[in-house]
Amino acid sequence: MKSPVEVRTQWNLSVPMRDGVTLATDLYLPRMDDPVPALLLRTPYGKHGDEMVRLARYFAANGYAVAVMDVRGRGDSEGTFIPYFGEGQDGYDSVEWLAKQPFCSGKVATMGASYLGRIQWLTALEKPPHLSAMVVAVTPSDPFVEWPTGVPVPAHAAWLFLTSGRTMQNTSAVQWDKVYEHLPLMTMDEATGRHMPMWREEFLHTQLDEYWKRLCYQTRFEEIDLPIMHITGWYDDEQVGTLRNFEGMTSKAATERARRSQRLVVGPWGHQVNKTQKLGEVDFGPQALIDLEGTELRFLDYFLKGEENGVAHEPPVSIFVMGMNQWRVEREWPPSRATYAKYFLHSGGRANSLFGDGTLNATRPLAEPSDSYTYDPVRPVPFIMDVSAEQISGPDDYTAIERRDDVLVYTSEVLTEAMEVTGPITAEIYAETDAADTDFMAKLIDVWPTGFAQRLSDGMVRARFRLGMDRADLIEPNQIYKYEVDCWYLSHVFLPGHRIRLEVASSAFPKYDRNPNTGDPLGQYTRVQVAHQTIHHDQEHPSSIILPIIQR
């Protein structure tokens, strides 16, 4: 084990960007004789925060020059904060400034989570010559991947409120449950008491147009030839971004060097990775927490310092298998040995609520009656979450919500053997409605012997975007359509005595905005109407959830 070195600091340096704006930066430098690789962390949350200081001192003590920078318009930096737009160019300029400093060996890695993760990808697309590696955690995807609704999710307003002005704002001062009920959505910022121009601007672009394509990176993996460590948690609100990024960087589209130098770590964590072994009522055990900084350090030591520390010979994927609550390494993601099994929806026509007759099994349906429910936007199905967007969701108990008649519940028989599900989860739902536009939600649940209904993963589709987010196409009322619902990824073992459950509904509020069912322009409506929904599961319309099964 290496002995840490002494660290010296330089506070609030002004780093010039190409347009003359300067960005405030703190330096943490190891007292070493020779130049060393550098790490760059660019944040809108304050370079002086306790977590930033802790990380910077840790990596500096282990032989890296660390620069922590307030992004443009935040903290002590000049300029105007416009989230994400322009971060690629600022990232390029910051990397190249750092590489030219006398303490730097010329190799620079970027590091950070969430906003700090996404802007690393935007920086990489600018191809700064000295960018040598990235460590990215809980990274948001391209626009509309995590919110396929055409409009910002309500909790985005809480984030914009938090980052309004130059310093962090107090989100607890706002009654968010009341704010989220405001219509029209486009003026929801009024209900917070703060005018937020970015919130309103996003409502002018309710599909994937040129405005949003400037922020897209997940279609350009072939342009990024870098070693990257990807980190997320199964209950990260933006989990899908990290896993798709790893898939993209290990696909045939990526360069051969990039494919060999990707690493993935997925724990039983929320958006704050590796902070607690317990989320909600579920304790994932002492193995849930790992030496994550040590793992990152070994990755950087190998790719930036050339240390032969074994990283090159280790399996690239490390996942925590929930249910069994154990870590496991894999050679690829998703595992190619998975067998994709369809579990079909069945009922006698009354799958409404926990007390209905909905079942779930591997038998393809023949002649069966459909299930119907009424979706009223005034009384949407609740989604359990922190309304201030600190952590949108977790392994919450949905038993109480499953008592509603506007939630269809399909449950398997009690399992006699353990069943592992590891990989992407997709629901195929055949549905009709009497509305011009509506939503369909799917949620995968693990039902414990106690009745505890643990949310595992979920997703939604907005009918007008069933063909993609680059076009809006209203549906014909009372016609049957097949909807593919992306429920993201999972690694979980359903234990003996447990049951598999699928919920189907038309709202998950306030995770997603309420569809008014009218077909009116998104975000600008105040008028809503009730929709009458029908879910089909017969021979011609075999609604199902597709589970990637790993033989144990």
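Fair warning: this is a prediction, and the values are worked out from it, not measured in the lab.

(A) Main features of the overall build of the protein chain. Of the regular secondary structure elements, the protein chain holds eleven helices and 23 strands. Here the C-alpha atoms of the protein chain give a radius of gyration of 24 Å, agreeing with the 24 Å that 2.2 N^0.38 yields for 552 residues. Overall, the protein chain is about 75 × 55 × 40 Å in size when its C-alpha atoms are taken along their principal axes. Long-range pairs, those at least 24 residues apart, make up 74% of the contacts in the protein chain between residues at least 6 apart in sequence.

(B) The pairing of strand β22 (residues 531–536), seen in detail. The element β22 is largely enclosed, with a buried count of five among its six residues. Two strands pair when backbone bridges link them, and strand β15 (residues 371–375) and β22 are joined in this way by five bridges, in the antiparallel orientation. Its bridge partner lying in β22, Asp-371 is registered against Ile-535. Where strand β17 (residues 419–433) meets β22, four bridges bridge the pair, whose relative direction is antiparallel. Considered in β22, the bridge of Tyr-430 is made with His-536.

(C) Here's a closer look at helix α9 (residues 239–249). Burial of α9 is extensive: nine of the eleven residues sit out of reach of the surface. Gln-239, Val-240, Gly-241, Thr-242, Leu-243, Asn-245, Phe-246, Gly-248 and Met-249 are the residues of α9 that are buried. Buried positions along α9 lie against α3 (115–125), β7 (228–233), α10 (256–260), β8 (262–267), β11 (317–321) and β20 (481–494).

(D) Inspection of the nonpolar core at higher detail. Judged by nonpolar contacts, the single largest core of 85 residues is most densely connected at Phe-59, Val-66, Ile-231 and Leu-300. A total of seven residues in this core trace back to one element, the largest contributor, which is helix α4 (residues 154–162). Setting aside residues up to four positions removed in sequence, Leu-300 forms contacts with Leu-39, Phe-59, Tyr-64, Ala-109, Met-111, Val-135 and Lys-305. Core analysis: the second largest hydrophobic core is formed by 58 residues, Val-266, Leu-279, Ala-431 and Ile-475 among them.

The rules behind these values
- Residues numbered from 1 in each chain as written.
- Predicted model: local features only at pLDDT ≥ 70, side-chain atom pairs only at ≥ 80, totals over all residues.
- Heavy atoms only, no water.
- Helix = DSSP H or I, 4+ residues; strand = E, 2+ residues; numbered from the N terminus.
- Rg over C-alpha atoms; globule rule 2.2 N^0.38 Å.
- Contact = heavy atoms within 4.5 Å.
- Buried < 20%, exposed > 50% of the residue type's maximum accessible area, 1.4 Å probe, protein only.
- Pairing = 2+ DSSP bridges.
- Core = buried A, V, L, I, M, F, W, Y, C linked by side-chain atoms within 4.5 Å.

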